[in-house]
Amino acid sequence: MNVVVVESPAKAKTINKYLGPGYKVLASFGHVRDLPAKDGSVLPDQDFEMLWEVDGASQKRMKDIADAVKSSDALFLATDPDREGEAISWHVLDLLNKKRVINGKPVKRVVFNAITKKAVLDAMADPRDIDVPLVDAYLARRALDYLVGFNLSPVLWRKLPGARSAGRVQSVALRLVCDRESEIERFISEEYWNLSAILKTPRGDEFEARLVSADGKRLQPRAIGNGDEAGRLKALLEGASYVVDTVEAKPVKRNPSPPFTTSTLQQAASSKLGFSASRTMQVAQKLYEGVDIGGETVGLITYMRTDGVQMAPEAIDAARAAIANQFGDRYLPEKARFYSTKAKNAQEAHEAIRPTDFDRVPDRIRKFLDDDQLRLYDLIWKRGIASQMASAEIERTTVEILADNAGKKAGLRAVGSVIRFDGFIAAYTDQKEDGEQSDDGEEGGRLPDINARENLAKQKVNSTQHFTEPPPRYSEASLIKKMEELGIGRPSTYAATLATLRDRDYVTIDKRKLLPQAKGRLVTAFLESFFTKYVEYDFTADLEEKLDRISAGELNWKDVLRDFWRDFFAQIEDTKELRVTNVLDALNDALAPLVFPKREDGSDPRICQVCGTGNLSLKLGKYGAFVGCSNYPECNYTRQLSSEGGAEAESNGLNEPKALGADPVTGEELTLRSGRFGPYIQRGDGKDAKRASLPRGWKPEDIDYEKAMALISLPRDIGKHPETGKMISSGIGRYGPFLLHDGGYANLESVEDVFTVGLNRAVTLIAERQSKAAGGKARGAAAALKELGEHPDGGGAITVRDGKYGPYVNWGKVNATLPKGTDPQAITVEEALALIAAKAGKSGSSTKKAPAKAKTAAAGAKATKTTAKPKAAAKKPAAKTAAKKKSAE
């Protein structure tokens, strides 16, 4: 019997069917050990020794693998075909060697790019050894990220309260977002005019031509800068006669794009499907691991973490056969297409993302997929097959027109294009990313029949005013594209990096655009001022290139670490003498548009408006930065540091409480105030005073007595439920406006609904919320947001649910709350098992209520960690309290 180790239980089940009874396939559930999230896990002074920790759940799984290997003939390590997969195999083998269960048994590494029977059997027939340089590259990357996170983050906590973490890739990605915001703030809009004429041919057909030259000079884009100039040129065109100078029809070929890589898939899924990067990878993982198609679990796509753009030869042959069969021979080019990547530092060791079978047309498997799976598979199938189709043939017609007004001449141009043969467009059409412009701005539709030297009749002259616009904010897709162009990060890191920026409250997403928050901009400004080198794009890309050279066996990984650590540690040491006043001075200058927004009256934005003599400056408090007056305590003006900036942020700074009236019941005064976290309503004074923050979108200047009373009186009783007799109330909570009834919650669409929703509507919303609960469970039961499958030890379903206090993982009677900021749709089986084990271990009552095997998991969570040299770790200074509570990238 041979043992095969894969990463996920879903793959284990499928692969066991392919291999048959002579094999036992076990899942590692991802990484089996990791660096503990505390200081001292990487030891630069001991040649970068790394102290690994095995959690309880992984110890149990490793015991099962070790027990199976003891009685096996051979071990096959079949984890994913990338750097992380190679590392997991290395970790598993290292732990098995420590347990002394290998005993000379053959150990082989196998990789397959798709979970199909042929791919798996071919891989098993062609095994190899573990790729040591690839593991070295993983170790170097893990050590670098750890050293940056656990040395730079404490500097932030000491010098910039409120900041949560910094990271090698995370901080550079954040800088991109913040730099774009600074560009937008510095942007000065300029006026320009466009002129065009509606002309008619002798045959009565109308078309539009735009002005491209005047006074013997070609007009550059946005060359007409004011209304006077536009008026002069419009008058010239109004009185001119028009004749066609030339008509040129030119055939143009448009070639298809290559199949998807990780980044281009994330970009296309964002633009076409509205998926976030993490959602795209989650759905792609399921398509890769396999879907039940008519009683057989089949992997539908190849491995989805890759920057390769070429398909395997057999896949190209299959695509060409499918093109001939489904589209016809006209759509099949004479030769197969071959692609090479243009991305910086890309490795093309793996195939592009493609369907495992091009005959598996999306419509044929529609009934086996959920909506998101079908949409993403359809995108991958169409892009894959289009990559091998014939070019689109387009006829582009350019018409040059002369306008003559009493000797004053101008030139106009009309451009049109017609698709003569759609080619690959029949399968897939590219879509421009948000904010991108067309290549030349001249593409148009079909033009009527126009002949050279014929006269044209003027119908109308259009003169339109425009203003230049700032560059658009990044979307997730365009940021990933930029990171790939610069060589920052790798395909497997993009989704996690973006998730970290959101979780740290460094950026928010508004209408699919990444908006940097004040906290994120402060961190970026601090790093640019005092750790410039480590947020430079070229430096980060160069480090990525070194990691790639390590994986190619060209560099020694510890040499790279030594070179990095020497300079980085010196920079960290230099900041110990850094005074907070130095930090604030640098941030005041770097973030002037944010900290000191321009005032409408043109006065100095750095002078306090209240006392008139004090200078405004950033101040650092326990919970972060705010703007305050230098004349404190005589002048107690403070203002929240708003990411929106501008006059609104200035007006939000209420120096003195604004009296709004008295509460008719308590007699206490209602006041509008401003604190470090924004404006709020307060009733009464002292420690017992009740406070309510203004909801998002409510402006201080719009708050009157009625609004203040409504807000301070929440929760609002709506009425008793006609069936239960229990009160229904509305309020505003951590997750937005809600209804509360009998311990159960239902969401409201807007803050205004909290104050206006009636009893009938409330009863309807509560009923709808209850009907969505999974499996028709009793009223008040939490809905299942996601099914994660059976527990590998004790059986029973593991689900992610939405509860009274937020999303949580459920197994039997064990409920484990998800950490703040965790996307419930992105939680993995491995993460869920760890949370369940930790929860079961903390509560005796929870353990008793859980399925029997929960006690085993809880016991495993308490097991002794595996380290290389515990004594060496003990010699290090005690980890800082903050470091234990925070995680680094």
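Caption draft 1: Inspection of the overall build of the protein chain at higher detail. The helix and strand inventory of the protein chain stands at 27 helices and 32 strands. Counting across all 889 residues of the protein chain, residues that qualify as buried make up 50%. Once local pairs closer than 6 in sequence are excluded, the contacts in the protein chain between residues at least 24 apart make up 66%. Summed over all atoms, the accessible surface of the protein chain reaches about 42000 Å², with 48% contributed by carbon and sulfur.

Caption draft 2: Inspection of the side chain of serine 387 at higher detail. When you line up the elements, serine 387 lands in the loop between helix 11 (371-386) and strand 13 (392-405). Within the structure, serine 387 has its side chain in polar contact with the backbone oxygen of glycine 384 (distance 2.6 Å). Those residues in contact with serine 387 that sit more than four places away from it in its chain are Pro256, Ser257, Pro258, Pro259, Met311, Arg337 and Tyr339.

Caption draft 3: Here's a closer look at the sheet that holds strand 27 (residues 736-741). Reading across from one edge, 25-26-27-28 is the order of the four strands in this open sheet, with antiparallel pairing throughout. Across the chains shown, the open sheet's two edge strands, defined by having one partner strand only, are strand 25 (716-720) and strand 28 (744-747). Taking each pair of neighbouring strands and ignoring which way they run, the sheet shows an average axis angle of 30°. Across four bridges, the pairing between strand 27 and strand 28 is antiparallel.

Caption draft 4: Representation of the packing of helix 5 (residues 132-159) against helix 14 (residues 518-530) in the model. For the pair helix 5 and helix 14, the least separation of the axes is 12 Å and the interaxial angle reads 110°. With respect to each other, helix 5 and helix 14 are oriented roughly perpendicular. The interaxial crossing formed by helix 5 with helix 14 has right-handed handedness. Contacts between helix 5 and helix 14 involve Leu152, Val155, Leu156 and Lys159 from the first element and Val523, Phe526 and Leu527 from the second. Split into classes, the residues belonging to the contact of helix 5 with helix 14 amount to six nonpolar, no polar and one charged.

Caption draft 5: Spotlight on the sheet that holds strand 5 (residues 74-77). Here we have four strands laid out as an open sheet, ordered 2-1-5-6, and parallel in their pairing. Whereas interior strands pair on both sides, the edge strands pair on one side only; in this sheet they are strand 2 (23-27) and strand 6 (107-109). Adjacent strand axes in the sheet meet at a mean angle of 20°, parallel and antiparallel pairs treated alike. Relative to strand 5, strand 1 (residues 2-6) is paired through four bridges, and the arrangement is parallel. Note that in strand 5 the partner of valine 5 across the bridge is leucine 77. On top of the sheet, helix 2 (residues 56-70) reaches strand 1, strand 2 and strand 5; it is set at about 165° to strand 2, its chief contact.

Caption draft 6: Layout of a negative patch on the surface. Taken together, Glu701, Asp702, Asp704 and Glu706 make up a surface patch of like negative charges. Here glutamate 706 lies in helix 20 (residues 705-712).

Caption draft 7: Summary view of helix 1 (residues 9-19). Every buried residue of helix 1 is listed here: Lys11, Ala12, Thr14, Ile15, Tyr18 and Leu19. Tucked inside the fold, the buried residues of helix 1 contact strand 1, strand 2, helix 4 (117-124), helix 9 (277-289) and strand 12 (296-298). With its phi angle positive at about 90°, glycine 20 sits one or two positions after the end of helix 1.

Caption draft 8: Representation of the packing of aromatic side chains. Going through the model one piece at a time under the given rule, you end up with 18 aromatic pairs. When the ring of tyrosine 534 is compared with that of phenylalanine 568, the centres are 5.1 Å apart and the planes differ by 80°; the resulting orientation is edge-to-face. A residue pair is termed long-range when its members are at least 10 positions apart, and tyrosine 534 in the loop between helix 14 and helix 15 (537-551) and phenylalanine 568 in helix 16 (residues 557-574) qualify at 34 residues. With respect to burial, tyrosine 534 and phenylalanine 568 carry one shared label: buried. What links up through ring pairs into an aromatic cluster is the set Tyr534, Phe539, Phe564, Trp565, Phe568 and Phe569. Cation over ring: arginine 330 sits above phenylalanine 421, and NZ or CZ is 3.7 Å from the ring centre. The ring of tryptophan 698 has lysine 707 lying over it, and the distance from NZ or CZ to the ring centre is 5.5 Å.

Caption draft 9: Layout of helix 9. Relative to the 18 Å expected for 13 residues at 1.5 Å per residue, helix 9 spans 18 Å between its end C-alpha atoms, a close match to the ideal helical length. Within helix 9, the full set of buried residues consists of Ala277, Ser278, Thr280, Met281, Gln282, Val283, Ala284, Gln285, Leu287, Tyr288 and Glu289. Immediately downstream of helix 9, the backbone of glycine 290 shows phi near 130°, a positive value.

Caption draft 10: A look at the pattern of salt bridges. The final tally for this structure, using the stated rule, is 50 salt bridges. Between aspartate 80 and lysine 11 there is a salt bridge whose closest N-O contact spans 2.6 Å. Of this pair, aspartate 80 sits in the loop between strand 5 and helix 3 (83-98) while lysine 11 sits in helix 1; the two residues are 69 residues apart in sequence, bridging distant segments of the chain. Each member of the pair, aspartate 80 as well as lysine 11, is classed as buried.

Caption draft 11: How the structure looks around the nonpolar core. In terms of nonpolar packing, the biggest core is built from 183 residues, with Leu96, Leu376 and Phe526 touching the most fellow members. The biggest single contributor to this core is helix 5, with 15 residues. Residue contacts for leucine 376: discarding those within four places in its chain leaves Leu265, Ala269, Leu273, Phe275, Thr280, Val283, Ala284 and Leu287.

Caption draft 12: Inspection of the packing of helix 5 against helix 16 at higher detail. As a packed pair, helix 5 and helix 16 sit with axes 10 Å apart at the nearest point and diverge in direction by 5°. As the angle between them shows, helix 5 and helix 16 are arranged roughly parallel. On the side of helix 5, the interface is formed by Asp136, Leu139, Ala140, Ala143, Leu144, Leu147, Val148, Asn151, Leu152 and Val155, while helix 16 contributes Trp557, Leu561, Phe564, Trp565, Phe568 and Ile572. When grouped by side-chain class, the residues that make up the contact of helix 5 with helix 16 number 14 nonpolar, one polar and one charged.

Caption draft 13: Spatial organisation of unusual backbone geometry. Following tyrosine 632, the chain continues into proline 633 via a peptide bond in cis, with omega recorded as 10°. Relative to the assigned elements, proline 633 resides in the loop between strand 19 (624-629) and strand 20 (638-640). Put simply, leucine 714 and proline 715 share a cis peptide bond, and its omega is 0°. Checked against the element boundaries, proline 715 lands in the loop between helix 20 and strand 25.

Caption draft 14: Spotlight on the side chain of glutamine 282. Topologically, glutamine 282 is positioned in helix 9. Judged by relative accessible area, which is 18%, glutamine 282 ranks as buried. Beyond its immediate sequence surroundings of up to four residues, glutamine 282 is in contact with Lys786, Gln825 and Ala826.

Caption draft 15: Spatial organisation of the confidence of the model for the protein chain. Per-residue pLDDT for the protein chain averages 84, and the proportion of residues at 70 or more is 88%. Segment residues 645-653: pLDDT under 50, and 20 contacts once partners within four positions in sequence are set aside and those in other chains are kept. Segment residues 843-889: pLDDT under 50, and 75 contacts once partners within four positions in sequence are set aside and those in other chains are kept.

Caption draft 16: Seen up close, the pairing of strand 15 (residues 455-467). Looking at chain direction, strand 7 (residues 191-200) and strand 15 are connected through ten bridges and run antiparallel. Residue pairing for strand 15: tryptophan 193 is matched across the bridge by glutamine 465. Note that strand 10 (residues 241-254) and strand 15 share two bridges and pair antiparallel. Its bridge partner lying in strand 15, valine 243 is registered against asparagine 455.

Caption draft 17: Highlighting the environment of proline 657. Looking at the secondary structure, you find proline 657 in the loop between helix 19 (646-651) and strand 21 (658-662). When the C-alpha atoms of proline 657 and isoleucine 681 are compared, they prove to be 9.4 Å apart, with 24 residues separating the residues in sequence. Here proline 657 is in contact with Thr671, Leu672 and Arg673, once residues within four sequence places are set aside.

The rules behind each value
Here, residues in each chain are numbered from 1, in the same order as that chain's written sequence. Totals for whole chains, interfaces and linings use every residue, but because this is a predicted model, local features are given only for residues with pLDDT of at least 70 and side-chain atom pairs only at 80 or more, for both listing and counting. No hydrogens and no water enter the side-chain calculation; it runs on all heavy atoms of the structure. Going along the chain from the N terminus, every DSSP run of H or I of four or more residues is numbered as a helix, and every run of E of two or more is numbered as a strand. Summary of the burial criterion: residues with accessible area below 20% of their type's maximum are buried, those above 50% are exposed, and those between are partly exposed, where the area comes from a 1.4 Å probe applied to protein chains only. Here a residue-residue contact requires only that any non-hydrogen atoms of the pair lie within 4.5 Å. Here the accessible surface of atoms and residues is derived via Shrake-Rupley with a 1.4 Å probe, and residues count as covered only by protein chains that are part of the display. Within 3.5 Å is the distance limit for a polar contact, defined as a pair of N or O atoms, with the added protein rule that one can donate a hydrogen and the other accept it, and that residues adjacent in sequence qualify only through two side-chain atoms. In this scheme, strands are said to pair when DSSP sees at least two bridges between them. For helices, the fitted line uses only the C-alpha atoms of the stretch in contact; every axis is such a line through C-alpha atoms, and the angle between N-to-C directions lies from 0 to 180 degrees. Orientation labels follow simple angle bins: below 35 degrees gives roughly parallel, above 145 gives roughly antiparallel, 65 to 115 gives roughly perpendicular, and whatever is left gives oblique. Should the near helix be turned counterclockwise from the far one by less than a right angle, the crossing is left-handed, whereas a clockwise turn marks it as right-handed. Each residue gets one of three labels, nonpolar for Ala, Val, Leu, Ile, Met, Phe, Trp, Tyr, Cys and Pro, charged for Asp, Glu, Lys and Arg, and polar for the others, Gly among them. Here a patch means residues that are over 30% exposed by relative accessible area and free of salt bridges, tied together within 9 Å if like-charged and within 5 Å if nonpolar (Val, Leu, Ile, Met, Phe, Trp, Tyr). The rule for a salt bridge is simple: a side-chain nitrogen of Lys or Arg has to be within 4 Å of a carboxyl oxygen of Asp or Glu. His residues and chain termini do not enter the charge count, which takes Lys and Arg as positive and Asp and Glu as negative. All charge positions are set by atom: Lys at NZ, Arg at CZ, Asp at CG, Glu at CD. Pairing of aromatic rings covers Phe, Tyr and Trp, the last counted by its six-membered ring, and requires centre-to-centre distances within 6.5 Å; plane angles under 30 degrees mean stacked, over 60 mean edge-to-face, and any other angle means tilted. For a Lys NZ or an Arg CZ to count as sitting over a ring, it must be within 6 Å of the ring centre and within 35 degrees of the ring normal. The span one expects for a helix is its residue count, reduced by one, times 1.5 Å. As used here, the term nonpolar core means buried Ala, Val, Leu, Ile, Met, Phe, Trp, Tyr and Cys residues forming a set that is joined through side-chain atoms within 4.5 Å. Per-residue confidence from the predictor is reported as pLDDT, a score between 0 and 100.

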